[in-house]
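Coordinates in review
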Amino acid sequence: MTIINKLINECDLSDIEFKELLESDIYDDELKSSADRVRQHYYGKDVYIRGLIEFSNYCKNNCFYCGIRAENKSCERYRLSKQEIYNCCDEGYKLGFRTFVLQGGEDLSYTDKDICKIVLNIKTAYPDCAVTLSIGERSKQSYIDYFNAGADRYLLRHETANEDHYKQLHPSSMSLKNRKRCLYDLKEIGYQVGSGFMVGSPFQTTECLIEDLRFLQSLKPDMIGIGPFISHKDTPFKDFKSGSFKLTLRLISILRLIFPKSLIPATTALGTIHPNGRELGLSCGANVVMPNLSPVSTRKKYELYDNKICTGEESAQCRGCLERRVNSVGYRIVTDRGDAKTLS
Ligand code: SAH
């Protein structure tokens, strides 16, 4: 049995086999076609869309890789008001979005009460929509309150599952232990949880990536977001080179085969390092895209990494452009909440 057949049949490999797969390009074609077959078995040609609302770029944290880190004095900060957030949803709903993702830096000026109110108002206005939060590490009680207010999903990438590597990417005020605690709390509360990591972040080794896969196997998230690390000029990692495009695609395919029913986005970062990055991501097993619904006036300011794409277009233009891109590789966007198939 070939290594790929084993991965398809068992949804797992030994560490040595994963290493072989991750470090060689000879399996890439077979990986891609197998991942696409599995994806089509569960999801057909469907691609789910999520409207991303980047509502604040204030952040109390100082992740070494991130352009909106607190110590970046060149970052022009903004916050959307509640009304501005609702306007984004309104526009998004008309464009066919049935999931809104509220993402931001860790900005404590939005209290738990504020977040709950925003979630409740969106869910009341659009009962057929899912609300996803992506606002970082909070207490279990806060997560419970957001969930009770109606939040359906939560995105929190673990970033790296290796303790030493985590310390190389984050200041000592942050810990992998707390990140994992958050993820397990979110699962226990009942959220559909998304996690993930950057590919090619500084100091990452194949062994780190295998630990990432192992961690995801134990967490069993509904969504897995990965994208290449891309350096940002005003961060401590400004001189590191970006993650590999090929390795990111390879990992998308591997993830599809380990987690056949998972929701895997073709991320903006993937589209940033290659002009057809998102299309190729879809062909390699991804089944979600997350176009930007933020107001054009703030888009450029949510600069996690240099040269981020889609910062100039209006939401409607982004939606149209993406539709064409998705169609160009033979898939179709569906207007649907797009829950994972594992959930009924
Ligand atoms: N504050 C939220 C949202 C973070 S931004 C949270 O903590 O979850 C969303 C994701 O962007 C991060 O999880 C990280 O994986 C990714 N990201 C940040 N900086 C990046 C960079 N320089 N290159 C690629 N991805 C980056």
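Shown above is the structure to which this text applies.
About the thresholds
The residue count restarts for each chain, going from 1 along the sequence in the order it is written. In keeping with the predicted nature of the model, local features appear solely for residues at pLDDT of at least 70, side-chain atom pairs appear and are counted solely at 80 or more, and the whole-chain, interface and lining totals rest on all residues. With hydrogens and water set aside, each side-chain value is computed from the structure's full complement of heavy atoms. Axis angles are defined between N-to-C directions and span 0 to 180 degrees, where every axis is a line fitted to C-alpha atoms and, for a helix, only to the segment in contact. Helical segments are the DSSP runs of H or I of at least four residues, strand segments are the runs of E of at least two, and each set is numbered from the N terminus. An angle below 35 degrees is treated as roughly parallel, one above 145 as roughly antiparallel, one from 65 to 115 as roughly perpendicular, and anything else as oblique. What makes two residues a contact is simply this: any of their non-hydrogen atoms within 4.5 Å. All residues other than Ala, Val, Leu, Ile, Met, Phe, Trp, Tyr, Cys, Pro, Asp, Glu, Lys and Arg, Gly among them, are scored as polar; the first ten of these are nonpolar and the last four charged. The handedness criterion is simple: a crossing whose near helix is rotated anticlockwise from the far helix by less than a right angle is left-handed, and one whose near helix is rotated clockwise is right-handed. A strand pair is defined by DSSP finding two or more bridges across the two strands. Note on exposure labels: buried denotes an accessible area under 20% of the residue type's maximum, exposed denotes more than 50%, and partly exposed covers the range between, all computed with a 1.4 Å probe on protein chains only. One heavy atom within 4 Å of a molecule or strand makes the whole residue count as near it. Polar contact criterion, stated in full: a pair of N or O atoms within 3.5 Å, where within protein one must be able to donate a hydrogen and the other to accept it, and residues adjacent in sequence count only if both atoms are side-chain atoms. The Shrake-Rupley method, run with a 1.4 Å probe sphere, supplies the accessible areas, and residue values consider only the shown protein chains as cover. Expected helix span is given by 1.5 Å per residue-to-residue step, counting one fewer step than there are residues. Only one rule defines a salt bridge in this text: a Lys or Arg side-chain nitrogen within 4 Å of an Asp or Glu carboxyl oxygen. Taking the helix axis as origin, the arc is that swept by the directions to the C-beta atoms.

1. Notes on the packing of helix H2 (residues 15–23) against helix H10 (residues 245–258)
The N-to-C vectors of H2 and H10 enclose an angle of 140°; their axes lie 10 Å apart at closest approach. Here H2 is positioned oblique relative to H10, judged by the angle of their axes. From H2, Phe18, Leu21, Leu22 and Glu23 reach across to H10, where they touch Leu247, Arg250, Leu251, Ile254 and Ile258. Here the residues of the contact of H2 with H10 sort into 7 nonpolar, no polar and 2 charged.

2. Looking at the packing of helix H5 (residues 112–125) against helix H6 (residues 140–149)
When two helices pack together, their arrangement is captured by the angle between the axes and the distance separating the axes. Packing of H5 against H6 leaves a shortest axis separation of 8 Å and a crossing angle of 25°. The pairing of H5 with H6 is recorded here as roughly parallel in orientation. By crossing handedness, the relation of H5 to H6 is classed as right-handed. The residues of H6 that touch H5, namely those facing Asp112, Ile115, Cys116, Val119 and Leu120, are Ser142, Asp145, Tyr146 and Ala149. In terms of residue class, the contact of H5 with H6 is built from 6 nonpolar, 1 polar and 2 charged.

3. Some thoughts on the sheet that holds strand E3 (residues 99–104)
Ordered in space as E2-E3-E4-E5-E6-E7, the 6 strands form an open sheet in which the pairing is parallel. The sheet terminates laterally at strand E2 (51–56) and strand E7 (223–228), the two strands that pair on one side only. Strand-to-strand, the axes of this sheet are offset by a mean angle of 20°, without reference to chain direction. Here 2 bridges tie strand E4 (residues 130–134) to strand E5 (residues 153–155), and the two strands are oriented parallel to one another. Residue pairing in the sheet places Thr132 in a bridge with Arg153 of E5. Running over the sheet, helix H9 (residues 206–219) touches strand E6 (192–199) and E7 and is turned about 180° from E6. With respect to the sheet, H10 is in contact with E6 and E7, its orientation differing from that of E7 by roughly 165°.

4. Digging into the pairing of E7
Moving residue by residue along a regular strand, the side chains alternate between the two faces of the sheet. Burial analysis of E7 places 6 of its 6 residues in the buried class, the great majority of the element. Of the two faces of E7, the one holding Met223, Gly225 and Gly227 and the one holding Ile224, Ile226 and Pro228 are both buried throughout. Two strands pair when backbone bridges link them, and E6 and E7 are joined in this way by 6 bridges, in the parallel orientation. Paired with Val199 across the bridge in E7 is Pro228.

5. Some details on the site of the ligand
Inspection of the region around the ligand gives 18 residues, with Tyr65, Gly104, Arg157, Glu159 and Ile230 positioned closest. One nitrogen or oxygen atom from the main chain of Tyr65 is found 2.9 Å from a nitrogen atom belonging to the ligand. Ile230 has a polar backbone atom sitting 2.7 Å from a nitrogen atom of the ligand. Summarising the interface, the protein chains cover 91% of the accessible area of the ligand, which totals 560 Å² for the free molecule. Of the residues in the shell around the ligand, the class split is 10 nonpolar, 5 polar and 3 charged.

6. Here's the deal with helix H3 (residues 28–43)
With 16 residues, H3 ought to run about 22 Å at 1.5 Å a step, and its terminal C-alpha atoms sit 22 Å apart, in line with that. Burial in H3 covers these residues: Asp28, Leu31, Ser34, Ala35, Asp36, Val38, Arg39 and Tyr43. One or two positions beyond H3, positive phi appears at Gly44, with a value near 60°.

7. Considering unusual backbone geometry
Positive phi is not limited to glycine here, since Cys11 has a value of about 55°. In this structure, Glu159 is a non-glycine residue whose phi angle is positive, near 75°. Along the polypeptide, Glu159 turns up in the loop between E5 and helix H7 (163–169). For Glu159, a relative accessible area of 10% puts it in the buried group.

8. Some details on the pattern of salt bridges
On inspection of all chains with the given rule, the structure shows 29 salt bridges. Between Glu17 and Lys6 there is a salt bridge, with its nearest N and O atoms 2.9 Å apart. Of this pair, Glu17 sits in helix H2 while Lys6 sits in helix H1 (residues 3–10), and the two are 11 residues apart along the sequence. When its relative accessible area of 22% is taken as the criterion, Glu17 is described as partly exposed. In this structure, a network of salt bridges that share partners links the residues Lys123, Asp152, Arg153, Arg337 and Asp339.

9. Regarding H6
Within H6, burial applies to Ser142, Tyr143, Tyr146 and Ala149. Projection of H6 onto a plane perpendicular to its axis shows the buried side chains occupying an angular sector of 125°, all on one side. Where H6 ends, the next residue or the one after it, Gly150, has phi of about 125°, a positive value.

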